Amino acid sequence: MRASARPDPAYAGRVTAAPLILVVDDDWAIRSNTTELLEMSSHRVSAHADAGAALAWCRSHPDAASAAIIDLSLPDMAGTALLRALHELAPGLPVIIATGSAGEETLLALRGLPLAGLLRKPVRASQVLDTVAAALAKARP
Amino acid sequence: MSPAPEEAARLHRLRSLADMASGMAHEFNQPLTAIRGCAENLLIARQRGWDIPPERIDAKLATIVEQCDRISGLIEHMRAFARGAAELRPAPLALAEAVADALRMIGSQLAQRGISVEVEDHSAGRLALAARHALAEVVVELLRNARDALAGAGRTRARIAVAIEPRGAELELRVRDDGPGMAAGTAEASEAPFAGAGAGGGPGLGLPAARHTMAAMGGSLRIETATGVGTTVILVLPAAA
């Protein structure tokens, strides 16, 4: 029995400098499962239940995150507003938006924003991994 | 023109059901999301050949079982509610139970909107005479009004305080929001069915019907409010001997 998970070959080689993903979702089930999925695939995770906590973490850990996945509807701030705030704090940070609504209104709200990816809930685990991998690859060519 | 009390009560029931359905959708969604996530993480780990420590597998399976039980509990609660909401015969009741019932129906919905609910139970074990499910329905109505008042105020972080207090031969259940409150005239007008309904805030159809339900249980409902200080709705019920 091995004590730790063997990393996904697709993500292997990054273990020494595992990219840190910022996860912001007020739903504990999504937050904990996304955290686990990312950790199993050799990422580090900083997870937060609201925008305020996420921004505070970012201010005290400048440049620590390699990518972010944020929920579009958060209790204290719209995901789009958090996206803009993150963009100001960390201009190069790729931000992926997760949303439960795929309506036109949502797409309009997202138009013109610097998105690194869009995840529509319910999201498949493989989609999360693929979108994060694409965002990281784009951020570090 | 105001509808007849029976019609108002019927419409109130319909609105309660619609709100309950929406609340329950939220309540069901969370355990389902948890179950799905656990199962999917196990699946992808197997598919990709990741080693997962057995204790982690156990923990995920335990979560799945626990969340399935949570859903069963919700279904049981809905059944009991459907059977009991029309029952107005009072029986000795810990008021905190009716509050917990109400929160099961609307709690997630409130949390989703950034509204926290604090419950302070000072009853020290004293029971009131009330019909549990009907009272829970009244509390849902008050929480819904508080939610609308807070949403109308454009608050992103808001609080509803629920307090249970003994007062002589009675018990009070107070629901207070720190929203914008109502001017005296508005509070009086809110006694009429439909007042403020659909205006995106303020009490709607529900309060008169809630008052009707309270009276049928031998209790009463009153409102304390003023512009700028929020609104407190006080349910008064006789204490059980």
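One structure accompanies this document, and this report is about it. Residue numbers here run from 1 along each chain, matching the order of that chain's written sequence. Here the convention is simple: chains get letters from A, ligands get numbers from 1, in the order in which they are written. Reporting of local features is limited, given that this is a predicted model, to residues whose pLDDT is at least 70; pairs of side-chain atoms are given and counted only at 80 or more, and all residues count toward the totals for whole chains, interfaces and linings. Based on all heavy atoms of the structure, the side-chain values leave hydrogens and waters out of the count.

Attention now goes to the overall build of chain B. A count of helices and strands for chain B gives 6 helices and 7 strands. A run of H or I in DSSP counts as a helix once it spans at least four residues, and a run of E counts as a strand once it spans at least two, with each numbered from the N terminus. Start at the N end of chain B and walk to the C end: the helices and strands fall as α-α-β-α-β-β-α-β-β-α-α-β-β. Note on contacts: a residue pair is in contact if any heavy atoms of the two residues lie within 4.5 Å. Long-range pairs, those at least 24 residues apart, make up 75% of the contacts in chain B between residues at least 6 apart in sequence. For chain B, the accessible surface area stands at approximately 11,100 Å², while carbon and sulfur atoms represent 58% of it. Note on areas: these come from Shrake-Rupley sampling with a 1.4 Å probe, and a residue is covered only by the protein chains present in the view.

All names here are of chain A. Two strands are said to pair when DSSP picks up at least two bridges between them. Ordered by their spatial adjacency, 5 strands build an open sheet running S2-S1-S3-S4-S5, and the pairing between neighbours is parallel. A single partner strand is all that each edge strand has here, and the edge strands are strand S2 (44-48) and strand S5 (117-120). Across this sheet, the average inter-strand angle for adjacent strands is 20 degrees, counted without regard to direction. Relative to strand S4 (residues 95-99), strand S3 (residues 67-71) runs parallel, the two being bridged by 4 bridges. Bridged to alanine 68 within S4 is valine 95. With axes taken as lines fitted to C-alpha atoms, and helix axes fitted only over the stretch in contact, angles between N-to-C directions fall between 0 and 180 degrees. Strand contacts of helix H2 (residues 51-60): strand S1 (20-24) and S2, with the helix running at about 155 degrees to S1, the strand carrying the most contacts.

We now examine the packing of H2(A) against helix H3 (residues 79-89) of chain A. Residue and element names in this part refer to chain A. Where H2 meets H3, the axes come as close as 11 Å, and the angle between the chain directions of the two elements is 5 degrees. In terms of axis orientation, H2 runs roughly parallel to H3. Along the contact surface, H2 presents Ala51, Leu55, Cys58 and Arg59, while H3 presents Leu82, Ala85, Leu86 and Leu89. When residues are sorted by character, Ala, Val, Leu, Ile, Met, Phe, Trp, Tyr, Cys and Pro go into the nonpolar class, Asp, Glu, Lys and Arg into the charged class, and all the rest, Gly among them, into the polar class. For the contact of H2 with H3, a count of residues per class yields 7 nonpolar, no polar and 1 charged. In this scheme, roughly parallel covers angles under 35 degrees and roughly antiparallel covers those over 145, while 65 to 115 is roughly perpendicular and the rest are oblique.

Only a minority of non-glycine residues have a phi that is not negative, and only a minority of peptide bonds are not trans. Residue and element names in this part refer to chain A. Looking along the chain, the bond that leaves lysine 121 and enters proline 122 is cis, with omega of -5 degrees. Among the secondary structure elements, proline 122 is positioned in the loop between S5 and helix H5 (125-139). At aspartate 63, a residue that is not glycine, the phi angle is positive and equals roughly 65 degrees. Secondary-structure assignment places aspartate 63 in the loop between H2 and S3. Relative accessible area decides the class of each residue, using a 1.4 Å probe on protein chains only: under 20% of the type maximum gives buried, over 50% gives exposed, and in between gives partly exposed. Judged by relative accessible area, which is 74%, aspartate 63 ranks as exposed.

Once that is clear, we can look at the sheet that holds strand S7 (residues 230-238) of chain B. All names here are of chain B. Pairing is mixed in the open sheet, where 5 strands are placed in the order S2-S4-S5-S7-S6. For this open sheet the edge positions go to strand S2 (115-121) and strand S6 (220-226), each flanked by a neighbour on one side alone. For this sheet, the mean angle separating the axes of adjacent strands, direction not counted, is 15 degrees. The sheet contacts of helix H3 (residues 95-112) involve S2, strand S4 (158-167), strand S5 (170-177) and S7, and relative to S2 the element is tilted by about 170 degrees.

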